[in-house]
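Residue strings, one per chain:
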Amino acid sequence: WLSSLLEGKASIPGIPLDQDRRWEVLEAWSRMPSRDPEKFAAALAREEKRDSTDSGKKWLLSIQAATASGESKLRTFERAISEKTSFSELRELAGSFSWLGQESLHPWLADRYFAELPKVIAQRSNEEAASFAAGFFPYSCEGSPAPQLEQLLQAGSTLPASVLRTLQSVRE
């Protein structure tokens, strides 16, 4: 049904499908694990061509980060730790990476997160590192990765204050 909206084959009476709503439809579709990956990728590529504005680029990053697939989550994480990724891009990726119900898509995340966090802290500003620390923290319904988190917090004096506050808040 969402693809039909984007293709103009379906509509919602009284609600025009402007550019922001088109991105909202794609964002909702991206979080559905049962979506047709090829059809979704084609729709996302069409929308990317249709809207090359700064806003469109932000939507695209956000949707790529939110997409319910393990492969997409890994690509998003790899992009986030890249030194080539701007702070603006990092913020979009971090803000859309974690969605309730997607924890099973990234079982590798806790180990990678705690291995990469010191590198991110060393390579980026405190604000960027805090954004990464919060957005990519390996939340889980089964509890936090307590041993790794506690070990990092014990070394708290070496962490930037903004990252330390972020990690302390996710522990609670």
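Just so you know, these numbers come straight off a predicted model, no measurement behind them. (Residues numbered from 1 in each chain as written. Predicted model: local features only at pLDDT ≥ 70, side-chain atom pairs only at ≥ 80, totals over all residues. Heavy atoms only, no water.)

Caption draft 1: Just the environment of R50, in detail. Within the secondary structure, R50 sits in helix 3 (residues 37–50). In this structure the C-alpha to C-alpha distance between R50 and P13, which are 37 residues apart in sequence, comes to 23 Å. Not counting chain neighbours up to four residues away, the residues in contact with R50 comprise Q19 and R22. A distance of 3.3 Å separates polar atoms of two side chains, one belonging to R50 and the other to Q19. (Helix = DSSP H or I, 4+ residues; strand = E, 2+ residues; numbered from the N terminus. Contact = heavy atoms within 4.5 Å. Polar contact = N/O pair within 3.5 Å; in protein donor to acceptor, adjacent residues only side chain to side chain.)

Caption draft 2: Quick peek at helix 7 (residues 109–123). Between its terminal C-alpha atoms helix 7 stretches 20 Å, which fits the 21 Å expected from 15 residues at 1.5 Å a residue. The sharpest bend along helix 7 measures roughly 35 degrees and falls at E116, with the proline P118 sitting one to four residues further on. (Expected span 1.5 Å × (residues − 1). Bend = angle between axes of the 7 residues up to and from the residue.)

Caption draft 3: Highlighting a nonpolar patch on the surface. Residues W1, I12 and I15 make up a contiguous nonpolar surface patch of about 320 Å² in total accessible area. Here I12 shows up in the loop between helix 1 (2–7) and helix 2 (19–30). (Patch = residues over 30% accessible without salt bridge, like charges linked within 9 Å, V, L, I, M, F, W, Y side chains within 5 Å. Areas by Shrake-Rupley, 256 points an atom, 1.4 Å probe, with all protein chains shown as cover. Salt bridge = Lys/Arg side-chain N within 4 Å of Asp/Glu carboxyl O.)

Caption draft 4: Structural detail: the packing of aromatic side chains. Using the criterion set out here, one finds ten aromatic pairs in the structure. With a centroid separation of 5.4 Å and 80 degrees between ring planes, the pair formed by W29 and F40 is classed as edge-to-face. You can see W29 sitting in helix 2 and its partner F40 sitting in helix 3, a full eleven residues away along the chain. Among the aromatic side chains, those forming a connected cluster through ring pairs are F77, F97, W108, Y113, F114, F132, F136 and F137. The ring of F97 carries K73 above its face, with NZ or CZ at 4.9 Å from the centroid. A cation over an aromatic ring shows up here: R91 above the ring of F87, its NZ or CZ 4.5 Å from the ring centre. (Phe/Tyr/Trp six-rings, centres within 6.5 Å; stacked < 30°, edge-to-face > 60°. Lys NZ or Arg CZ within 6 Å of the ring centre and 35° of its normal.)

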